[in-house]
Amino acid sequence: MDVASKQWDNILLHLLQYATPEGQSLKRSDLKQHVPDAILEILVHAKLLVITEDGDKAAGKKRKLDKAPIGTFSLSNQGWCFLLSSQSKQLWALLKSYVELHKKKDVDELEVIVTLLNIAFWILGYGEYMSTLDASSKQMVIDWTSLGLTYRPDGITYYPTHFAAKLLEEEQILSKLLRNTENNLWEDNLDDTASLPKTEKNANQIITKEEGYIIVESNFHLYAYTNSGVKTKIISLFTNIQYVLPNMVTGIITRSSILNVLKKGVMADTIIGFLKDHFHPKMSTMSPSVVDAITTQIHLWSAERSRVNHNPGVLYDKFKDKKEFNAIRQYASDLGVLIWENTEKEFLFVQEDAHPVIRDFIRSLK
């Protein structure tokens, strides 16, 4: 496994540790797989992890922008969806969080975007001296090493990795980004599905899509040809694993395994999209009715939840005024823990494990 893949797997493994069936909160000291503080800060800002017990507030301190949060964390609904998203979308989600964090730290947003695009369009295998970068760009390259976007064999040079090339797979995001950049070097009229501009760098760029490795039979038995622990753990989010062999994992997709992950906020289409993105090439030679049957059944299981929706949580009412209601509603929504709201009657229903955080926020308003 290359260095970039190891860095990325480390991030996914860190998140997967929080993906417990009970959804309990965990401290960093409880985990075996850790990430740098800068990455943890990105994960929290991206709302993939929710701080269920703020260690800084408990100590009577206010967290600084350049300091990673401490305390107890749990995987949010967005975090569960993130784990089943495509790798390119995962990268962009974390980079969006990175840009927003640096904007808060008074770093020029345009500078971050331009440096990112330079790396994305770079020719694979060619390096550059760190001395050619200014101080802020050097720090970006160092930060992106933890994301697997850059490789630094020493303190002198850096190389963009094949992960940086994956950023080019999301053309809709790129075209919007280029259109919204103040000093746009290319056309201003790129539509959402337009091809990327052909430059000397990206014309030679090779983007290789990972070959599929999952086969699902009409009886919902799943076979994954992989020896990756990360892939196995992700598959286990919606599959009952039966056997883990040296180069293959077998399991079965059941009603309960699908309902369990749907309860975490994952949509049926997200699961189906994950399967289709990773189907083995042989799936295309099977009868189309097999894929249709899998898709239809997952949607049917999902429809069962719309009959009765059970979510343990805490109901808030009797707010001081509309301003307080809106502030708490916005805070809960930003954390990704708001389950239901009634604006007219001023009712809020949030996830049960988020109650301590919401309670502290309410106290801070008084």
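Conventions and cut-offs
- Residues numbered from 1 in each chain as written.
- Predicted model: local features only at pLDDT ≥ 70, side-chain atom pairs only at ≥ 80, totals over all residues.
- Heavy atoms only, no water.
- Helix = DSSP H or I, 4+ residues; strand = E, 2+ residues; numbered from the N terminus.
- Buried < 20%, exposed > 50% of the residue type's maximum accessible area, 1.4 Å probe, protein only.
- Pairing = 2+ DSSP bridges.
- Axes fitted to C-alpha atoms, helices over the stretch in contact; angles between N-to-C directions.
- Contact = heavy atoms within 4.5 Å.
- Polar contact = N/O pair within 3.5 Å; in protein donor to acceptor, adjacent residues only side chain to side chain.
- Left-handed = near helix turned anticlockwise from the far one by under 90°.
- Nonpolar A, V, L, I, M, F, W, Y, C, P; charged D, E, K, R; others polar.
- Parallel < 35°, antiparallel > 145°, perpendicular 65-115°, else oblique.
- Core = buried A, V, L, I, M, F, W, Y, C linked by side-chain atoms within 4.5 Å.

J.: Pulling in residues and values, what's your account of unusual backbone geometry?
T.: Phi at Lys 47 takes a positive value of approximately 65°, unusual for a residue other than glycine. Counting through the fold element by element, Lys 47 comes out in the loop between helix 2 (37-45) and strand 2 (49-54). The backbone of Glu 346 shows a phi angle near 60°, a positive value even though the residue is not glycine. Within the secondary structure, Glu 346 sits in the loop between strand 12 (338-342) and strand 13 (347-351). Given a relative accessible area of 18%, Glu 346 falls into the buried group.

J.: Requested: an account of the sheet that holds strand 13, with residues and values cited.
T.: Spatial strand order, 11-13-12: three strands in an open sheet with antiparallel pairing. In this open sheet, the two strands that pair with only one neighbour each are strand 11 (313-316) and strand 12. For this sheet the average axis-to-axis angle between neighbouring strands, irrespective of direction, equals 15°. In terms of strand pairing, strand 12 meets strand 13 through four bridges, oriented antiparallel. Bridge pairing in strand 13 places Leu 338 opposite Val 350.

J.: Can you lay out the environment of Asp 143 for me, pointing to particular residues and giving the numbers?
T.: As for its position among the elements, Asp 143 is in helix 7 (residues 135-145). Excluding its chain neighbours within four sequence positions, the residues that come into contact with Asp 143 are Tyr 98 and His 102. A distance of 2.8 Å separates polar atoms of two side chains, one belonging to Asp 143 and the other to Tyr 98.

J.: Can you tell me about the packing of helix 5 (residues 87-104) against helix 7, naming the residues and giving the values?
T.: Interhelical geometry of helix 5 versus helix 7 gives an angle of 145° and a closest axis separation of 13 Å. Judged by the twist between their axes, the crossing of helix 5 over helix 7 is right-handed. Each of Leu 95, Tyr 98 and His 102 in helix 5 lies in contact with helix 7, whose residues at this interface are Gln 139, Met 140, Asp 143 and Trp 144. Classifying every residue of the contact of helix 5 with helix 7 by side-chain character gives four nonpolar, two polar and one charged.

J.: Could you give an account of the side chain of Thr 145, naming the residues involved and the relevant values?
T.: As for its placement among the helices and strands, Thr 145 is situated in helix 7. One polar contact links the side chain of Thr 145 to the main-chain carbonyl oxygen of Val 141, over a distance of 3.0 Å. Not counting residues within four places of it along the chain, the set of residues in contact with Thr 145 comprises Gln 7, Thr 150 and Arg 152.

J.: Which residues make up the packing of helix 1 (residues 3-16) against helix 5, and what values do they have?
T.: Contact geometry of helix 1 with helix 5 gives a least axis separation of 13 Å together with a crossing angle of 80°. As the angle between them shows, helix 1 and helix 5 are arranged roughly perpendicular. Contacts from Trp 8, Ile 11 and Leu 12 of helix 1 reach helix 5 at Gln 87, Gln 90, Leu 91 and Leu 94.

J.: Describe the side chain of Ser 257, and please don't skip the residues or the numbers.
T.: By secondary structure assignment, the location of Ser 257 is in helix 12 (residues 255-262). By relative accessible area, Ser 257 is classed as buried at 4%. Only 3.0 Å separates the side chain of Ser 257 from the backbone oxygen of Phe 238, close enough to count as a polar contact. A polar contact is formed between the side chain of Ser 257 and the backbone oxygen of Thr 254, at a distance of 2.9 Å.

J.: Lay out the nonpolar core with the relevant residues and their values.
T.: Counting residues in hydrophobic clusters, the biggest one holds 82 residues, and the most contacted among them are Trp 144, Leu 149, Ile 214, Phe 238 and Leu 275. The greatest single-element share of this core, amounting to seven residues, is contributed by helix 5. In this structure, Val 50, Leu 335, Ile 358 and Ile 362 belong to the second largest nonpolar core, which totals 15 residues.

Purely geometric numbers; function is a separate question.
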